[in-house]
Amino acid sequence: MLKGKVAVVSGAAQGLGKSFTHILLENGAQVAMLDVDEAGGQELQVQLNQQFGLERTQFYKADVASELQFTDVFQKIVSKFGHIDIFCNNAGIVDEKNWEKTVSINLSGVVRGTYLALDHMKKQNGGKGGIIINVASLAGLGPLPSAPVYTATKFGVVGFTRALSMASQASGYGVRINALCPSFVRTSLIDSFNQKEKTGNFHNLAAITQSLMEKFPIIEVEQVAKAFLHLVKDECVDGAALLVKNTGAEYVIFPKDMETTPISI
Ligand SMILES: NC(=O)C1=CN([C@@H]2O[C@H](COP(=O)(O)OP(=O)(O)OC[C@H]3O[C@@H](n4cnc5c(N)ncnc54)[C@H](O)[C@@H]3O)[C@@H](O)[C@H]2O)C=CC1
Ligand SMILES: CCCCC/C=C\C=C\C(=O)C/C=C\C/C=C\CCCC(=O)O
C-alpha cells in the first residue's frame with residue numbers, strides 16, 4: 001500500500017501517465033498530475049475525484065521544457081501536499097522535424113524534473129528520500145531508425161538515470177532512481193509513426209517501424225503500469241532499466257566489460 005505517499009506524474013493527462021496515476025491512486029497514494037494539456041488534465045481530475053474522492057488528485061498545468069513553469073508548479077505541489085515521495089518523469093513526444101523540442105521535453109525535461117525532485121527528497125537537504133522513475137523506452141536500449149533524435153533522448157534518459165543512481169548511492173541521498181523502458185504501447189503517441197509532420201526526413205521508413213511493431217507487438221498501458229508499480233514498491237531496485245514487452249517485464253543486464261573488436265592503427 002502507498003497510503004500517505006505523495007506522487008508526481010508528468011504527462012499525466014492521457015496515455016501512460018494517466019495509467020500510472022490510476023495505479024498509484026488504486027494503491028492509496030495521492031497524485032499531483034502535471035501536463036501541458038490543461039483541458040485534458042482538468043477533465044481527468046474531475047473523473048478521478050469522482051472515483052477516488054476529493055483531495056486524492058490535483059492537476060497542474062506546466063510545460064516540462066520550461067524551467068520557470070516546472071519549478072513554479074513543483075513548489076506549488078510541495079506547498080499543497082507537504083512533501084513528495086514518488087516522482088515520475090513521463091512526459092515525452094516524438095517529433096523528428098522539430099528535434100530541438102524533442103530534446104527539450106524528452107531529455108532536458110527529465111533532467112530538470114529529476115533535479116527538482118532530488119533536491120527536495122535527498123537526506124542531505126532534510127528530505128525523507130524517495131523514488132524517481134524516468135520513462136525511457138525500448139528505443140533507449142536499441143535504435144529506432146525512423147526516430148533518431150527520439151532514440152538519442154531515450155538513450156540519454158537511460159544513461160542519465162544509471163549515472164545519477166550511482167551518484168545518489170555514493171552520496172547517500174536515500175533516493176532510488178530507475179528507468180522504465182516500454183516497447184510499443186497503445187497510446188496516441190503510436191499514431192506519430194504515420195504522420196509526416198512528426199517523422200520529417202524519415203517518413204520513408206514507416207515500413208521499418210511497422211516491422212519493428214511486428215517484432216515487438218503493441219502492449220496495453222495497464223501492463224506498463226504494473227511494471228511501474230513494481231519499481232515503486234521494490235526498495236532493492238536502484239539504477240535499473242526495466243524493459244516491458246508483450247512477453248512480460250525484465251531487468252536489462254548491462255555488460256560490465258564492453259565487447260569490442262580491436263583494430264590496428
Ligand atoms: N506509446 C509508446 O509506444 C511508448 C511511449 N514511451 C514513452 O512514454 C511516455 C508517455 O508517452 P505516451 O503516454 O505514449 O504518450 P501520449 O502522447 O499519449 O501522452 C503524453 C502526455 O505528455 C504530455 N506532454 C507532452 N509534452 C509535454 C510537456 N512539454 N510538458 C508536460 N506534458 C507534456 C501530453 O500532453 C500527453 O498528455 C513518453 O515519454 C514516451 O516517450 C515509451 C515507450 C513506448
Ligand atoms: C517516428 C516513429 C514513431 C514510432 C512509433 C511511435 C512511438 C514509439 C515510441 C517508442 O518509445 C518506441 C518503442 C519501441 C522501440 C522499438 C524498437 C527499437 C529497437 C530495439 C532493438 O532493436 O532492440
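Our subject is the structure listed above.
All figures in this text were calculated on a predicted structure; none of them were measured in a lab. (Residues numbered from 1 in each chain as written. Chains lettered and ligands numbered in written order. Predicted model: local features only at pLDDT ≥ 70, side-chain atom pairs only at ≥ 80, totals over all residues. Heavy atoms only, no water.)

(A) The arrangement of the packing of helix α3 (residues 67–81) against helix α4 (residues 99–121) in detail. Two elements in contact, α3 and α4, have axes whose closest approach is 11 Å; the angle formed by their N-to-C orientations is 35°. For the element pair α3 and α4, the recorded crossing hand is right-handed. Of the residues in α4, those in contact with Glu 67, Phe 70, Thr 71, Phe 74 and Val 78 of α3 are Gly 109, Arg 112, Gly 113, Leu 116, Ala 117 and His 120. Taken together, the residues that form the contact of α3 with α4 break down as five nonpolar, four polar and two charged. (Axes fitted to C-alpha atoms, helices over the stretch in contact; angles between N-to-C directions. Helix = DSSP H or I, 4+ residues; strand = E, 2+ residues; numbered from the N terminus. Left-handed = near helix turned anticlockwise from the far one by under 90°. Contact = heavy atoms within 4.5 Å. Nonpolar A, V, L, I, M, F, W, Y, C, P; charged D, E, K, R; others polar.)

(B) Main features of the packing of aromatic side chains. For the coordinates displayed, the defined rule picks out four aromatic pairs. Ring centres 5.7 Å apart and planes at 75° place the aromatic pair Tyr 115 and Phe 160 in the edge-to-face group. Of this pair, Tyr 115 sits in helix α4 while Phe 160 sits in helix α5 (residues 148–171); the two residues are 45 residues apart in sequence, bridging distant segments of the chain. Tyr 115 gets classed as partly exposed once you look at its relative accessible area, which sits at 43%. What links up through ring pairs into an aromatic cluster is the set Phe 70, Phe 74 and Phe 87. When the ring centre of Phe 81 is taken as origin, the NZ or CZ atom of Lys 80, which lies over that ring, is 5.6 Å away. When the ring centre of Phe 254 is taken as reference, the NZ or CZ atom of Arg 162 above it lies at 3.6 Å. (Phe/Tyr/Trp six-rings, centres within 6.5 Å; stacked < 30°, edge-to-face > 60°. Buried < 20%, exposed > 50% of the residue type's maximum accessible area, 1.4 Å probe, protein only. Lys NZ or Arg CZ within 6 Å of the ring centre and 35° of its normal.)

(C) Summary view of the site of ligand 2. If you check the shell around ligand 2, you find 17 residues, and the closest are Ser 137, Pro 143, Ser 146, Tyr 150 and Thr 199. Here Ser 137 contributes a side-chain N or O atom positioned 2.6 Å from an oxygen atom of ligand 2. One of the side-chain N or O atoms of Tyr 150 is found 2.6 Å from an oxygen atom in ligand 2. Of the residues assigned to the shell around ligand 2, the class counts are 10 nonpolar, seven polar and no charged. (Near = heavy atom within 4 Å. Polar contact = N/O pair within 3.5 Å; in protein donor to acceptor, adjacent residues only side chain to side chain.)

(D) Structural view of the nonpolar core. Core analysis: the largest hydrophobic core is formed by 48 residues, its most contacted members being Ile 77, Ile 84, Phe 87 and Ile 132. Of all the elements in the fold, those that place two or more residues in this core are β1 (6–10), β2 (30–35), α3, α4, α5, β6 (175–182), α7 (206–215) and β7 (241–245). Counting residues in each nonpolar core, the second largest holds 36 residues, with Val 31, Cys 88, Ile 131 and Leu 231 among its members. (Core = buried A, V, L, I, M, F, W, Y, C linked by side-chain atoms within 4.5 Å.)

(E) Geometry of unusual backbone geometry. Not every positive phi belongs to a glycine, and Glu 55 is a case in point at roughly 75°. Along the chain, Glu 55 falls in the loop between α2 (38–52) and β3 (57–61).

(F) How the structure looks around the layout of surface pockets. Roughly 340 Å³ of volume is contained in the second largest pocket. Lys 5, Gly 130, Ile 131, Arg 176 and Glu 235 are the residues nearest the centre of the second largest pocket, which is lined by 17 residues in total. At the level of secondary structure, the elements contributing two or more residues to the lining of the second largest pocket comprise β5 (130–135), β6 and α8 (221–233). Classifying every residue of the lining of the second largest pocket gives seven nonpolar, three polar and seven charged. (1 Å grid on protein atoms, 1.4 Å probe; cavity = no way out; pocket = protein on both sides within 12 Å on 5 of 7 lines; lining within 4 Å. Points joined across faces, edges and corners; volume = space filled by probe spheres on them.)

(G) Quick look at the site of ligand 1. Near ligand 1 you find 29 residues, and of these Asp 35, Asp 63, Tyr 150, Val 185 and Thr 187 are the closest. Here Gln 14 contributes a side-chain N or O atom positioned 2.9 Å from an oxygen atom of ligand 1. Residue Thr 187 places a side-chain N or O atom 2.5 Å away from an oxygen atom belonging to ligand 1. Here ligand 1 loses 93% of its free accessible area of 830 Å² to cover by the protein chains. For the shell around ligand 1, the elements supplying multiple residues, two or more each, are α1 (15–26) and α5. (Areas by Shrake-Rupley, 256 points an atom, 1.4 Å probe, with all protein chains shown as cover.)

(H) Main features of the sheet that holds strand β8 (residues 248–251). One open sheet accounts for eight strands, arranged β3-β2-β1-β4-β5-β6-β7-β8; its pairing is mixed. Both edges of this open sheet fall to β3 and β8, since each of them pairs with a single strand only. Strand after strand, the sheet turns through a mean of 20° between neighbouring axes, direction not considered. The sheet contact formed by β5 and β6 spans six bridges and is parallel. Paired with Ile 133 across the strands is Asn 178, a residue of β6. Against the sheet, α2 contacts β2 and β3, and its axis sits at roughly 175° relative to β3. Against the sheet, α5 makes contact with β5 and β6, and its axis sits at roughly 160° relative to β6, the strand it touches most. (Pairing = 2+ DSSP bridges.)

In short, shape yes, function no, at least from these values alone.
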